[in-house]
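The lines below spell out each chain.
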Amino acid sequence: MESASMLSLFTRCLSADYVHTLAGGDYAIQCELPTLYLLFEWSDGCEDWHNNLTFLARRANPESPPSEAWYAHRGFLKVWNAMEAEVIRELTRIIRAHAVQSVICVGYSHGAALSLLATESLSRHLGSKVTVLGYGFGSPRLIKGKLPDVVSRRLSGYTTIRNIPDLVTHLPPAAWGYRHIHLVSIGKKGKYGPIQAHTSQAYVKELKTGKPISSVSEMTRSATEKMNASKVSGDKCVFRTSHPITPRR
């Protein structure tokens, strides 16, 4: 995917009107047919930071067969689990009412971790109806240990974008068994300090370079090309969130 397209996704994530849910989750749904964008906000309060630091792993999908068991950061699982059913209901309603072909999950920092969990979940629940892609900017490490093949396939359309040497993307430590998937890098060594590299301004600056970003996922590339080719109208669909929410920036 070209850097300009990544920049468009990132700025969309930064400028969205988010709604606040249980456990501190903040998400937004935007619809530009034939694509739905599911966006996740970065850390914006004490509850988010508490969840960020609750990093001991637990099983991500206890309802699935043992052969599909995988483990992830406990705090991010808590946030996603609190909003998952609502998000899936809302997306399903929109997909039934409109000619939706793809769902793109996008998040930054704390929200990037949620975008990975959402990509896996939506691939499992909606993957037979739409193409599901995901992009996480400045994501902490989330997955612990090896993924079962079936889960890896669900996440084959997900890409993690790291601005070298973003500190957040190195936490929790790899020595503790946590890892990224489909990691690509922007920037270069020595240009930023570890904290500065995580700022949204630094990501925007590097994404504006216009240099192509090569994803390790061939499925991500082919699905994105198909999605872009299908964008003929850009019509916007109207939807609502069905639970009491607090709008926030």
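None of the values given here were measured: they were computed from a predicted structure.

Parameters at a glance
- Residues numbered from 1 in each chain as written.
- Predicted model: local features only at pLDDT ≥ 70, side-chain atom pairs only at ≥ 80, totals over all residues.
- Heavy atoms only, no water.
- Helix = DSSP H or I, 4+ residues; strand = E, 2+ residues; numbered from the N terminus.
- Contact = heavy atoms within 4.5 Å.
- Salt bridge = Lys/Arg side-chain N within 4 Å of Asp/Glu carboxyl O.
- Buried < 20%, exposed > 50% of the residue type's maximum accessible area, 1.4 Å probe, protein only.
- Pairing = 2+ DSSP bridges.
- Expected span 1.5 Å × (residues − 1).
- Bend = angle between axes of the 7 residues up to and from the residue.
- Core = buried A, V, L, I, M, F, W, Y, C linked by side-chain atoms within 4.5 Å.
- Polar contact = N/O pair within 3.5 Å; in protein donor to acceptor, adjacent residues only side chain to side chain.

Chemist: Let's hear about the environment of Gly177: which residues, and what values?
Modeler: Within the secondary structure layout, Gly177 lies in the loop between β9 (158–163) and β10 (178–179). Spatially, the C-alpha atom of Gly177 lies 9.5 Å from that of Arg141, the residues being 36 residues apart in sequence. Residues within four places of Gly177 in sequence aside, it is in contact with Ile143, Lys144 and Gly145.

Chemist: Can you lay out the pattern of salt bridges for me, pointing to particular residues and giving the numbers?
Modeler: Applying the stated criterion across every chain yields a total of eight salt bridges. As a salt-bridge pair, Arg154 and Glu120 come within 2.9 Å of each other at their nearest N and O atoms. Of this pair, Arg154 sits in helix α5 (residues 149–154) while Glu120 is found in helix α4 (residues 110–126), placing the two residues 34 residues apart along the sequence. Of the two residues examined, Arg154 and Glu120, each falls in the buried class. One salt-bridge network, in which partners are shared between bridges, spans Glu63, Glu68, Glu120, Arg124 and Arg154.

Chemist: How would you explain the sheet that holds strand β8 (residues 143–144) if you had to name every residue and give the values?
Modeler: By way of backbone hydrogen bonds, the strands of a sheet pair with one another, either parallel or antiparallel. Strands sit in the order β4-β5-β8-β10 across an open sheet of four strands; the sheet is antiparallel. With partners counted over all chains shown, the strands left at the sheet margins are β4 (57–59) and β10, one partner each. Bridge count between strand β5 (residues 71–73) and β8: two bridges; the pairing is antiparallel. Residue pairing for β8: Ala72 is matched across the bridge by Ile143.

Chemist: For helix α3 (residues 74–97), give the residues involved together with the corresponding values.
Modeler: The end-to-end C-alpha distance of α3 is 35 Å, a good match for the 34 Å that 24 residues give at a rise of 1.5 Å each. Within α3, the axis deviates most sharply at Glu84, by approximately 45°.

Chemist: An account of the nonpolar core is needed here, citing residue identities and associated values.
Modeler: Among the nonpolar cores identified, the biggest contains 40 residues, and Leu36, Leu38, Trp70 and Leu122 are the most heavily contacted of them. When contributions to this core are tallied by element, the ones reaching two or more residues are β2 (26–32), β3 (35–40), α3, β6 (102–108) and α4. The leading source of residues in this core is α3, at ten residues. Within the second largest apolar cluster, 22 residues are counted, among which are Leu9, Ala16, Ala28 and Leu207.

Chemist: Tell me about the environment of Arg59, and name the residues and values.
Modeler: With respect to the helices, strands and loops of the structure, Arg59 is situated in strand β4. Residues Arg59 and Tyr71, twelve residues apart in the sequence, show an inter-C-alpha distance of 4.4 Å. When neighbours within four sequence positions are excluded, Arg59 is seen to be in contact with Ser64, Pro65, Pro66, Ala69, Trp70, Tyr71 and Leu77. A distance of 2.6 Å separates a polar atom in the side chain of Arg59 from the backbone oxygen of Ser64.

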